[in-house]
Amino acid sequence: MTEHSNIVYNEIDFLIPSYRFNIRYSYVTKRGLSFIREFVLRLAHLSPMKSGEISGFLGLTEREAKEAIRDLIEREELCYNEFGKVELTAKSKGYFPQLGESPQVTDIVTTGTVLGFEVCGFNCVSTQSRRLNDKWTSGLRIDAKSELIANRAKLAGKAFQRQFHALLDKEYITNVRESEGAGRPNIYKIDSLKQIGTEPYRVKIRFMMDEYGVVVETDEVEPLDNDELALEAIEQSMENNRIRNNLHEVTLAVESIGDIHTGSIINEQGFNVDKFKALAQSRSSDNGEFIPFVGSLYTRDNWQKFNEQLDIVKKQLVGTHQEGIKPLTWLAPSEGMWGRNNYLISCFDSLVDGAKTKGKKQKTLYKPTLFVPLGSRQDRHNCRRWKDDFSNNINHVHGYAEGFLGGAVEVVLLAQELVAVTYYVSLPNLYPVPIPIGFISKNKLLINTVTDEISHYLTEQRDFGVISKL
């Protein structure tokens with residue numbers, strides 16, 4: 001089976017700490033010599049010679065030849081032998097890789113650069129001109145081993161020395177002098193290494209299953225050359241955030257909503273790909289009555305499906321008179337892996353931006369509100385997380401008491417018009433992260449049932465209000 005036929009069932013961003021360093025270092029390089037100096041040495045390299053022979057070969061006067069020889073003797077590159085001929089010294093013999101080749105002189109050059117290294121495998125992930133420009137939001141932060149963090153400067157220095165030639169090849173370092181045909185420069189020593197900042201390195205992992213619903217192992221982090229330690233850290237993070245099997249709670253939620261289809265797609269044996277495909281190709285999917293999807297709603301493909309239905313509804317609302325403004329409620333689940341993808345932010349922003357028509361006579365089509373779960377009004381940790389994640393449109397974000405329909409259900413509901421429901425199913429014995437599965441529907445019965453469930457749950461005691469005020 002090819003990778004293209006695999007099904008992506010979840011996409012999660014992992015945030016690996018990276019540290020930026022100002023590195024001052026010296027490197028060894030080689031350069032060519034001036035014309036006269038090079039060819040006098042090349043002649044002596046072939047055979048010891050007298051000054052007259054050198055002047056004859058190079059077309060110099062006797063005086064010019066003697067002056068060139070005197071200069072090279074002072075440089076300790078030539079000496080007279082017992083026969084009165086000049087020959088190479090041990091120093092100048094090292095200039096010639098092979099007989100007949102041009103001599104190259106070794107230089108030690110001091111320079112500096114700024115590079116960033118992620119703290120798991122110490123791969124270089126940013127340069128002086130190419131910053132990561134990311135935030136510690138919408139992702140699962142990796143807790144690197146304490147000994148790696150404590151020794152980060154020393155380990156970054158070793159990584160820089162080890163990766164020096166690869167960094168040159170990738171043009172991560174651009175201020176090193178390389179002479180054509182002179183061999184590659186090499187690190188002489190690191191003069192100083194100073195940390196100047198830290199930023200997240202975002203790794204996007206696409207979790208996949210095959211055509212039988214069996215998990216496909218994640219065995220590489222594509223952007224990283226040395227990904228073994230990063231993979232270990234990611235696996236540990238998943239283990240730390242893994243929850244117990246919640247299929248029972250999801251089954252109860254499916255029944256409460258009146259969803260007659262999703263229960264046949266997943267059970268204790270895993271995800272049934274054939275039944276999902278059959279449902280996706282059914283008439284109810286074609287007419288918008290029940291459009292199934294796998295993966296979070298805010299992934300690109302699923303969001304496109306939702307937007308297609310939302311655009312149809314918006315066009316209808318533009319031409320109809322409304323009594324008041326319809327609420328659009330997005331209720332996030334209590335599942336800890338929800339929202340760990342930065343595409344979520346752009347999806348929510350697009351809902352806010354699309355609430356009004358364009359042009360001079362704007363019409364408000366709906367009022368969007370995102371409800372994010374909190375343990376209580378005093379849940380400072382999660383409150384801070386949501387404020388950071390949704391800072392662009394924070395006034396549209398409310399906190400609510402977690403636990404809606406068992407905590408594993410996400411709803412996007414445009415009153416009386418459209419609903420999208422996602423169940424986050426945890427089967428830890430089969431899949432390393434939850435499987436989001438759900439549906440989009442314009443079915444009035446489903447919409448009314450979900451509306452009643454939300455209205456019943458979001459009482460005044462459970463709706464904590466605008467999160468910016470908490």
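Below: a short report on this structure. Bear in mind the structure is a predicted one, so any value in this text is a computation, not a measurement.

### Some thoughts on the layout of surface pockets
Piece 1. Each pocket or cavity is described by its volume, and for the largest pocket that value is around 640 Å³.
Piece 2. Taken together, 27 residues line the largest pocket, and the ones lying closest to its centre are G139, L140, R141, I142 and D143.
Piece 3. Per element, the largest residue contribution to the lining of the largest pocket is seven residues, and it comes from helix α8 (residues 228–241).
Piece 4. Its residues placed into classes, the lining of the largest pocket shows nine nonpolar, nine polar and nine charged.
Piece 5. Of all elements in the fold, only β1 (7–31), β7 (186–209), β11 (291–294) and α12 (300–318) reach the threshold of two or more residues within the lining of the second largest pocket.
Piece 6. Considering every element that reaches the lining of the second largest pocket, the biggest residue donor is β1, with seven residues.
Piece 7. Residues of the lining of the second largest pocket, tallied by class, amount to nine nonpolar, six polar and seven charged.

### A short note on the sheet that holds strand β18 (residues 463–466)
Piece 1. Across the sheet, which stays open at both edges, the eight strands sit in the order β11-β17-β16-β15-β12-β13-β14-β18 with mixed pairing between neighbours. Edge positions in the sheet fall to β11 and β18, since each has one partner strand and no second. Geometrically, the sheet is characterised by an average inter-axis angle of 20° between neighbouring strands, direction not taken into account.
Piece 2. With six bridges connecting them, strand β12 (residues 326–331) and strand β13 (residues 366–374) associate as parallel partners.

Each value, and the rule that gives it
- Residues numbered from 1 in each chain as written.
- Predicted model: local features only at pLDDT ≥ 70, side-chain atom pairs only at ≥ 80, totals over all residues.
- Heavy atoms only, no water.
- 1 Å grid on protein atoms, 1.4 Å probe; cavity = no way out; pocket = protein on both sides within 12 Å on 5 of 7 lines; lining within 4 Å.
- Points joined across faces, edges and corners; volume = space filled by probe spheres on them.
- Helix = DSSP H or I, 4+ residues; strand = E, 2+ residues; numbered from the N terminus.
- Nonpolar A, V, L, I, M, F, W, Y, C, P; charged D, E, K, R; others polar.
- Pairing = 2+ DSSP bridges.
- Axes fitted to C-alpha atoms, helices over the stretch in contact; angles between N-to-C directions.

Nothing here speaks to function; it is geometry throughout.
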